[in-house]
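Coordinates in review
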There are 2 protein chains.
Amino acid sequence: MIYALKGDIAYSKNLNELSTYKNHYLICDGKKSLGVFKSIPKKFKVSKIYNFSDKLIIPGLVDMHLHAPQYSFIGMRMDLELIDWLNTNTFPEEAKYKNKKYAESAYKIFASDLKKSATTRFVCFATLHYDATSILFDLLEKTGLKGYVGKVNMDRNSTKELSETKEDSIKNTLKLIKKVSKNKNVKYIITPRFIPSCSNELLKELGKISKEYSLPIQSHLSENRSEVLWVKDLLPESKSYADAYHMFELFGEHTNTVMAHCVWCNEIDMKLMENNKIWVAHSPSSNRNLSSGNAPIREYLDRNINVGLATDVAGGSYLSMFRTIEDTITTSKLKWLEKDIEKEKNTSTKELKSLKFNEAFYLATRGGGKFFDDGDTKVGSLAEGFDFDCLVLDDKNFDTTLYKELTIEERLERFMYRPNEKLVAKFVAGKKII
Amino acid sequence: MIYALKGDIAYSKNLNELSTYKNHYLICDGKKSLGVFKSIPKKFKVSKIYNFSDKLIIPGLVDMHLHAPQYSFIGMRMDLELIDWLNTNTFPEEAKYKNKKYAESAYKIFASDLKKSATTRFVCFATLHYDATSILFDLLEKTGLKGYVGKVNMDRNSTKELSETKEDSIKNTLKLIKKVSKNKNVKYIITPRFIPSCSNELLKELGKISKEYSLPIQSHLSENRSEVLWVKDLLPESKSYADAYHMFELFGEHTNTVMAHCVWCNEIDMKLMENNKIWVAHSPSSNRNLSSGNAPIREYLDRNINVGLATDVAGGSYLSMFRTIEDTITTSKLKWLEKDIEKEKNTSTKELKSLKFNEAFYLATRGGGKFFDDGDTKVGSLAEGFDFDCLVLDDKNFDTTLYKELTIEERLERFMYRPNEKLVAKFVAGKKII
């Protein structure tokens, strides 16, 4: 069934430029975009027109990293750094998901809020529990959103309440892969928590499973400086943190791989990220909340490393990808200043230009969307041939006409900074879910 | 008329500690707080009880610095630094307020949104225009909020459309001081834009007026590094930026003085701020948006310098003091990291601990509130004797009961990170305005 959306349309042409269309028609064949037109071409048998005149129509936003079980304590107890935060807040909470009833109540709230958010695609951690993760898959599958979820693998350095043996870890992973293999929306992703949580044997097995089943991989990389030192201690034979994953073929050797944070990567890490086409899931809210640091996103872009944006709930304190765009921009400005100050002291080699609005918008759409490309599927744009993921935004609450006739680009920028305004409709792969 | 609010009450005991009262009564004599009680003491003839059970009751939030005329372009064109941003975005917009009709439409939106916000007290810039500023005074006076507004003084280094002679600047200032002298809520504050905008003669006159009429002063200090250099060029005889104000008795010599930003203050500035009991209006959103820098708030607190928080609309991209609290915390974490990194390089002398939630909450209430203390009046707390400025917050949208029974402190922290939740009621000096 072909349908059209009428409104003010914007999507990224590339990292720097937006394509904008005032009062145009965006046409969908039921799954993919057929493109943007001034009027509806006769060749399309359009059976429905959604009139979103004066509203903004943009691609869906892609959240490249978040933790579903942590949503229950979002926005609290932010006064700790990563390792203490994990032991004090996170592990005790995740342990509760052993209880199926608890998991179901908590995940229902999470799935419902994610559906209502601006996110259309996601890459998500569950807990280590088979049952709870199975429930999460079912709930998310029903939302109509698309994404990846992984049961967390972790067989060392955790609490007694939140641990598994290597054998159980592998067994439950394989069981879940099988269970969700027929899912249409939410697919499996291999999910070693991070190097400190996984024995070498477990990492090795996960590398094999990823290769055998052609499954993508998600994990954490160089989030916090103490963590980086710990990894070096645990795996002295690794040349760097990234190399620790690489040793077990968990670093883009066979499948798409996304690494959250990448705040403190060194030259060896970056070279591996370049060569193995890793995605960075940039989480500015989390990196500030946990005092992790300010990731060198400009440097990654200059090196042509893939970058997507992420809320990292609940290190990140909100589910909003609009705010993630805002925080990506503002955090990069402080990065630029930090580098600028170093330069005056002659200790820095390179100036890192801050990110412009258009760049952050690209990262939140096509930057992360590319992770979902697969054969005939392309994600993160409204151009012809892309999966029809889109959002309709009402930016009329604030009386902009007073200021002057705003361009679509200006309205879009303003919307990102004022995300309280209204999300009117949301489509994922052609299906209207709000 | 004595009345009581029943609910879960929190206010700052001091910079580090919260006082919290589950299911208590906060009693008001119509203007001031009579204190918090488990049950209503018989001695009070309470004529009305507001039942806000399960809701949070906190002091009103104090916005120590914002620009009313800039509200019309909030959240746009953030890709510039201060001086370019002023010339490109701000001055052309402020010039429009010469038109009374434009001013009235724009200020109506501003006053209405400020009334609906979490702000109970404010310190605010207008434009240089007499008529527009007069309209702003009238509109804000009617909201029931309390605050200070100043006509901006600026007789050099601006655009042709936005300029005034020294004579007009003084004349219109005096005219406005007279006009608003009977106001109950919104009072006059002397408002030199900043050193680059004011001739020495104008600054001298403003210092005299402030002294003669006992009027407080607001301006900007050391926001941006190029600005600091420019001030040095303009006034080579000044020992520092702060000293440039001090030379004209505009730096707390006679009256309360608040300086926005204070990002790049040096030792001379800080000593003057200490000695003259200056308020710093810390504006983390603005300082990120305009790539200004990361102000050393911990250092100011260690030196016992007064600090309040501020949105700095429209350098700041929101009107929310809740988000200002969040951004104060997260920005201070990056400051700590920056200093920590410098330390490793042996270039720093001192580690700046990041700000905890309780500290930022204090700054947003009593920190700025103290600026409004006057004889019998005290502002920024719900303790007995303080002006009855308070907010009632509904934090039940998010199902917290799942996680566990949260303390009032945890609920409050979470609310600051999730300010989309509901502001249910707002009182200013005993008057219910929402």
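Above this text is the structure in question.
Quick look at the structure, then. Not measured: the values here are computed from a predicted model.

Digging into the environment of Val-228 of chain B
Relative to the helices and strands, Val-228 of chain B is located in helix 6 (residues 225-234). A C-alpha to C-alpha distance of 6.6 Å links Val-228 of chain B and Tyr-241 of chain B, two positions 13 residues apart in sequence.

Some points on the packing of helix 12 (residues 357-369) of chain A against helix 13 (residues 408-417) of chain A
A pair of packed helices is characterised by two quantities: the angle between their axes and the separation of those axes. Residues and elements named next belong to chain A. Where helix 12 meets helix 13, the closest approach of the two axes is 11 Å, and the angle between their N-to-C directions is 70°. Between helix 12 and helix 13, the crossing angle belongs to the class labelled roughly perpendicular. Judged by the twist between their axes, the crossing of helix 12 over helix 13 is left-handed. Side by side, helix 12 and helix 13 meet where Phe-357, Asn-358 and Phe-361 of the first sit next to Glu-409, Leu-412, Glu-413 and Met-416 of the second. Across the contact of helix 12 with helix 13, the residue classes tally to four nonpolar, one polar and two charged.

Comments concerning the nonpolar core
If you look at the biggest cluster of nonpolar residues, it comprises 111 residues, and the most contacted ones within it are Phe-110, Leu-221, Met-273, Tyr-300, Ile-325, Leu-412 and Met-416 of chain B. Residue assignment places this core across two domains, with domain 1 (2-59 + 381-432) and domain 2 (61-372) of chain B each supplying three or more. Counting 110 residues, the second largest nonpolar core, distinct from the first, contains Tyr-107, Ala-118, Phe-194 and Leu-202 of chain A.

Regarding the sheet that holds strand 8 (residues 186-188) of chain B
Residue and element names in this part refer to chain B. Pairing in this open sheet of four strands is parallel, and the strands run 5-6-7-8 from one edge to the other. Among the strands making up the open sheet, the edge pair consists of strand 5 (61-67) and strand 8. Taking each pair of neighbouring strands and ignoring which way they run, the sheet shows an average axis angle of 20°. As judged from the five bridges shared by strand 5 and strand 6 (residues 119-125), these two strands associate in the parallel manner. Its bridge partner lying in strand 6, Leu-66 is registered against Cys-124.

Quick word on the packing of helix 4 (residues 166-179) of chain A against helix 5 (residues 200-213) of chain A
Residue and element names in this part refer to chain A. One can describe the packing of helix 4 onto helix 5 by two numbers: an axis separation of 10 Å at closest approach and a directional angle of 15°. One finds that helix 4 runs roughly parallel with respect to helix 5. In this structure, helix 4 meets helix 5 at a crossing whose hand is right-handed. Residues Lys-166, Ser-169, Ile-170, Leu-174 and Ile-177 of helix 4 pack against Glu-201, Leu-202, Glu-205, Leu-206, Ile-209 and Tyr-213 of helix 5. Per-class residue counts for the contact of helix 4 with helix 5 are seven nonpolar, one polar and three charged.

How each quantity is defined
Residues numbered from 1 in each chain as written. Chains lettered and ligands numbered in written order. Predicted model: local features only at pLDDT ≥ 70, side-chain atom pairs only at ≥ 80, totals over all residues. Heavy atoms only, no water. Helix = DSSP H or I, 4+ residues; strand = E, 2+ residues; numbered from the N terminus. Axes fitted to C-alpha atoms, helices over the stretch in contact; angles between N-to-C directions. Parallel < 35°, antiparallel > 145°, perpendicular 65-115°, else oblique. Left-handed = near helix turned anticlockwise from the far one by under 90°. Contact = heavy atoms within 4.5 Å. Nonpolar A, V, L, I, M, F, W, Y, C, P; charged D, E, K, R; others polar. Core = buried A, V, L, I, M, F, W, Y, C linked by side-chain atoms within 4.5 Å. Buried < 20%, exposed > 50% of the residue type's maximum accessible area, 1.4 Å probe, protein only. Domains from an automatic or database assignment. Pairing = 2+ DSSP bridges.

Keep in mind these numbers describe shape, not what the thing actually does.
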